[in-house]
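Structure assessment
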Amino acid sequence: MEFHAKEQLPGLLDWMRQQMKACGGKTAVIGISGGKDSSVVAYGKENVVGVLMPDGIQPDIDYSNGLVEFLGIRHYVFNIQGGTGGILDEMARIGMKPSRQTTVNLPSRMRMVTLYAIAQSEDAGIVLNTSNLSEDW
């Protein structure tokens, strides 16, 4: 399926307004991966806070940095390595070996927790989860 940004933009903006109105939000907190979902949703720099969340050293973080610079949005770089490492260390301490599923999914879950923590610390901030947005187009 071909993506046509100009055709999708009005619907996306309506969706964002509905999300903000539904919860009384004024600041959308968005995880910025540098992909198309976060690129499109980061529209409207005055109402957006981007959060880049590498897990330690992330070779492709340049895409995310380039996106927030290009869009001119306020952003944080929040390294989640301490959170993921802390959970894995605690599992080891109690004698539990993490499954492959745990090690693969843990960074994504830490990123969502981070977004909520930042949103709750912003003035009327809400999390806009873009992870499945492109599937709706």
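Here's a quick rundown of the structure. (Residues numbered from 1 in each chain as written. Predicted model: local features only at pLDDT ≥ 70, side-chain atom pairs only at ≥ 80, totals over all residues. Heavy atoms only, no water.)

**Some thoughts on the pattern of salt bridges**
Rules: The term salt bridge refers to a side-chain nitrogen of Lys or Arg lying within 4 Å of a carboxyl oxygen of Asp or Glu. Each helix corresponds to a stretch of at least 4 residues labelled H or I by DSSP, and each strand to a stretch of at least 2 residues labelled E; elements are numbered beginning at the N terminus. Partly exposed residues are those whose accessible area sits between 20% and 50% of the maximum for their type, while under 20% is buried and over 50% is exposed, using a 1.4 Å probe and protein chains only.
Summed over all chains, the structure comprises two salt bridges. As a salt-bridge pair, Arg74 and Glu122 come within 2.8 Å of each other at their nearest N and O atoms. In this pair, Arg74 sits in strand β3 (residues 74-77) while Glu122 sits in the loop between α5 (100-119) and β4 (125-127), placing the two residues 48 residues apart along the sequence. Notably, a salt bridge pairs Arg93 with Glu90, separated by 2.7 Å at the nearest N-O pair. Taken together, the residues span about one helical turn, with Arg93 and Glu90 both in helix α4 (residues 81-93) at a distance of three residues. For Arg93, a relative accessible area of 61% puts it in the exposed group. By relative accessible area, Glu90 is classed as partly exposed at 40%.

**Some words on the nonpolar core**
Convention followed: Residues enter a nonpolar core if they are buried and are Ala, Val, Leu, Ile, Met, Phe, Trp, Tyr or Cys, with the set joined through side-chain atoms within 4.5 Å.
Counting 14 residues, the largest nonpolar core has Ala28, Ile30, Ile32, Leu52, Val68, Ile73 and Leu128 as its most contacted members. Looking at this core, the elements that each hand over two or more residues are α1 (5-23), β1 (27-31), β2 (48-52) and α3 (61-71). Val49, Val51, Leu115 and Val127 belong to the second-largest nonpolar core, a separate cluster that totals 11 residues.

**Some points on the sheet that holds β1**
Strands in a sheet are paired, the pairing made by backbone hydrogen bonds, and the direction either parallel or antiparallel. Condition: For two strands to pair, DSSP has to find at least two bridges joining them. Axis definition: a line fit to C-alpha positions, over the contact stretch in the case of helices; interaxial angles, taken between N-to-C directions, run 0 to 180 degrees. Should any heavy atoms of two residues lie within 4.5 Å, those residues are counted as being in contact.
One open sheet accounts for four strands, arranged β3-β2-β1-β4; its pairing is parallel. With one partner strand each, in any of the chains shown, β3 and β4 form the two edges of the open sheet. Across the sheet, the mean angle separating the axes of adjacent strands is 25° when strand polarity is ignored. As judged from the four bridges shared by β1 and β2, these two strands associate in the parallel manner. Following the sheet pairing, Ile30 is matched in β2 by Gly50. Against the sheet, α5 contacts β1, β2, β3 and β4, and its axis sits at roughly 165° relative to β4.

**Some details on the pairing of β3**
Two faces make up the sheet, and in a regular strand the side chains alternate between them. We apply this condition: By convention, a crossover is right-handed whenever its connection, traced from the first strand over the helix to the second and viewed with the strands pointing away, goes clockwise.
Sheet topology note: the β2/β3 ladder contains four bridges and is parallel. Among the inter-strand pairings, Val51 is bridged to a residue of β3, identified as Tyr76. Considered for its hand, the β-α-β crossover made up of β2, α3 and β3 is right-handed.

These results come straight from atomic positions and should not be treated as a statement about function.
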